[in-house]
Amino acid sequence: MIPFIKYPSVDTFAQICQRPSLDAQSLDEIIEGIFTHVETQQDQALRDLTLKFEKREIQEILYTEQEINELANQVPESLEKAIQQAYANIHTFHESQQFVSHKIETSPGVICWQKASPIEKVGIYIPGGTAPLFSTILMLAIPAQIAGCKEIVLCTPAVHPAIFYTAQLCGVTKMAKVGGAQAVAAMALGTESVPKVYKIFGPGNQYVTAAKMFANHKGIAIDMPAGPSEVAVYADSDANPAYVAADLLSQAEHGIDSQVFLVALEESFIEKTQAELEKQIELLDRKDLALQALINSKAILVKDRNEAIQLLNEYAAEHLILACNQPEEFAGHIVNAGSIFLGNFTPEAAGDYASGTNHTLPTNGFAKAYSGVNLASFQKKITLQSISQAGLEILGQSIMDMAEAESLQAHANAVAIRLNTRL
């Protein structure tokens with residue numbers, strides 16, 4: 001069911017780790033046109049583009065408090081409790097990430113330190129489509145709430161009641177009815193109704209992703225480059241084929257451009273997992289999506305544990321499941337991954353929803369250089385320093401020598417004037 005590669009040579013690992021290519025059509029002109037329309041026509045552009053791309057008519061851009069309350073109240077009690085439990089765990093984990101400032105005396109009389117300051121205005125994009133991703137609101141608005149962001153703007157075309165309940169719970173300050181690239185443009189540029197934000201978070205299709213990258217070029221920060229969702233599973237003799245198949249399918253059902261990546265030490269395990277995939281996929285409502293994703297996926301038999309480590313670090317998975325003996329020890333050898341799930345009873349779905357870690361993670365190999373979203377994603381670090389007169393007398397000559405070597409006389413003079421003047 002998944003294409004099978006047996007004992008590949010190490011020099012082919014980079015090729016094996018290539019993701020399915022995204023649609024290569026040029027989006028630049030489309031996205032630039034959307035941004036120009038929003039910049040010049042503002043709210044009216046959002047109405048025009050929503051009608052054009054989504055065949056929806058909207059008059060008011062923002063949801064009223066009454067509309068939010070009415071929709072939020074439609075959430076069943078059982079789902080409310082599930083969201084509240086997830087909220088509590090995610091809040092606890094991200095609260096533990098609070099920055100602790102330490103003053104350091106780098107030389108006598110020279111004190112340096114940092115403080116964390118919230119990004120005042122952040123934007124969250126939640127796509128519509130077939131899966132109402134209210135869980136992503138938890139992942140993005142909770143750390144924004146903890147960080148102390150004053151404005152949390154949510155744009156979404158989705159109307160599932162849980163979207164509104166979760167937004168209320170997480171302190172979202174404004175909700176807009178717009179989606180797609182035009183929503184990103186609205187948050188990046190600002191309109192009469194949608195405030196301009198300083199950083200934009202959230203998943204989306206290739207148009208949304210392109211719009212976020214365009215906004216980034218215009219000076220608006222974004223969470224990270226994004227691609228289709230993915231999972232890698234490493235399995236040895238301790239793994240359970242049924243569990244592994246379920247984890248692979250949980251990722252494959254995201255969409256046709258998702259990818260799953262199975263690395264195993266035994267051919268018989270891959271065969272058993274393939275059989276489980278065939279059995280379990282028949283039970284899925286999103287079977288057709290999962291089937292297409294599996295075509296773009298890989299099952300790889302490697303010679304030994306060391307090759308598995310090398311291959312997994314080359315792949316740099318968004319999600320990495322270690323279904324193996326001593327998974328925590330194995331994880332010590334992994335340097336490239338968005339989030340790691342240890343052992344047979346830690347499904348990737350736990351991280352997607354309620355264990356507490358964040359599910360907004362680098363994809364498409366970007367885990368080699370990017371971290372997943374965390375509390376620090378919603379903060380800036382500001383450095384501070386304080387130098388006493390005695391401290392400047394010790395450090396001053398070095399500063400002046402370096403400034404003069406760079407031909408920056410005024411820099412040197414800013415120290416010299418202090419050393420020669422007693423206040």
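The numbers attached to residues start from 1 for each chain and follow its sequence in the written order. A pLDDT threshold of at least 70 governs which residues receive local features in this predicted model, and a stricter bar of 80 or more applies before side-chain atom pairs are shown or counted, although totals over entire chains, interfaces and linings include all residues. Excluded from the side-chain calculations are hydrogens and water; all other atoms, namely the structure's heavy atoms, are used.

Caption draft 1: Just the packing of helix α5 (residues 77–95) against helix α7 (residues 161–169), in detail. Only the stretch in contact is used when a helix axis is fitted, and all axes are lines through C-alpha atoms; the angle between N-to-C directions ranges over 0 to 180 degrees. By the criteria applied, helices consist of DSSP H or I runs no shorter than four residues and strands consist of E runs no shorter than two, each listed in order from the N terminus. Where α5 contacts α7, the axes come no closer than 11 Å and their chain directions differ by 40 degrees. What the angle tells us is that α5 and α7 run oblique. When the axes of α5 and α7 are compared, the crossing they make is right-handed. In contact with Leu79, Glu80, Ile83, Gln84 and Tyr87 of α5, α7 contributes Ala162, Tyr165, Thr166 and Leu169. Gly counts as polar in this scheme, as do all residues outside two lists: the nonpolar Ala, Val, Leu, Ile, Met, Phe, Trp, Tyr, Cys and Pro, and the charged Asp, Glu, Lys and Arg. Residues of the contact of α5 with α7, tallied by class, amount to six nonpolar, two polar and one charged. Under this scheme an angle from 65 to 115 degrees is roughly perpendicular, one under 35 degrees roughly parallel, and one over 145 degrees roughly antiparallel; angles in between are oblique. With the far helix as reference, a near helix turned anticlockwise by less than a right angle produces a left-handed crossing, and one turned clockwise produces a right-handed crossing. Whether two residues are in contact is decided by their heavy atoms, any of which lying within 4.5 Å being enough.

Caption draft 2: Structural detail: the packing of aromatic side chains. What counts as a ring pair is set by centres within 6.5 Å for rings of Phe, Tyr and Trp (its six-membered ring), and what kind of pair is set by the plane angle: stacked under 30 degrees, edge-to-face over 60, tilted for all other angles. A complete count under the given rule lists seven aromatic pairs for this structure. Between Phe35 and Phe214 the ring centres are 4.7 Å apart and the planes differ by 55 degrees, which places this aromatic pair in the tilted class. Of the two residues, Phe35 sits in helix α2 (residues 28–41) while Phe214 sits in helix α9 (residues 206–217), which places them 179 residues apart along the sequence. Accessibility expressed as a relative area gives 3% for Phe35, which makes it buried. A ring pair is formed by Phe201 and Phe378, whose centres lie 4.1 Å apart and whose planes are at 10 degrees; its orientation type is stacked. You can see Phe201 sitting in strand β7 (residues 199–201) and its partner Phe378 sitting in the loop between α15 (348–353) and β14 (379–387), a full 177 residues away along the chain. For each residue, the accessible area found with a 1.4 Å probe, counting protein chains only, is set against the maximum for its type, and the residue is called buried under 20%, exposed over 50%, and partly exposed in between. Owing to a relative accessible area of 0%, Phe201 belongs among the buried residues under this scheme. Phe378 sits in the buried class, given a relative accessible area of 0%. Lying across the ring of Trp113, Lys103 places its NZ or CZ 4.4 Å from the centre. Here, a charge over a ring is recorded when the distance from Lys NZ or Arg CZ to the ring centre is within 6 Å and its angle to the ring normal is within 35 degrees.

Caption draft 3: Structural detail: the side chain of His94. In this fold, His94 is placed in helix α5. Reaching out from His94, the side chain makes a polar contact with the backbone oxygen of Ile90 at a distance of 2.8 Å. Pairs of N or O atoms are called polar contacts if they sit within 3.5 Å, as long as, within protein, a hydrogen donor faces a hydrogen acceptor (for residues adjacent in sequence, only side-chain-to-side-chain pairs).

Caption draft 4: The pairing of strand β12 (residues 317–323), seen in detail. Extensive coverage of β12 is indicated by the burial of seven of its seven residues. For two strands to be treated as a pair, DSSP must find at least two bridges joining them. Bridging between strand β9 (residues 230–235) and β12 involves five bridges; their strand directions are parallel. Its bridge partner being in β12, Ala232 is matched across the sheet by Leu320. As defined by bridge partners, β12 adjoins strand β13 (residues 337–342) across five bridges and the pair is classed as parallel.

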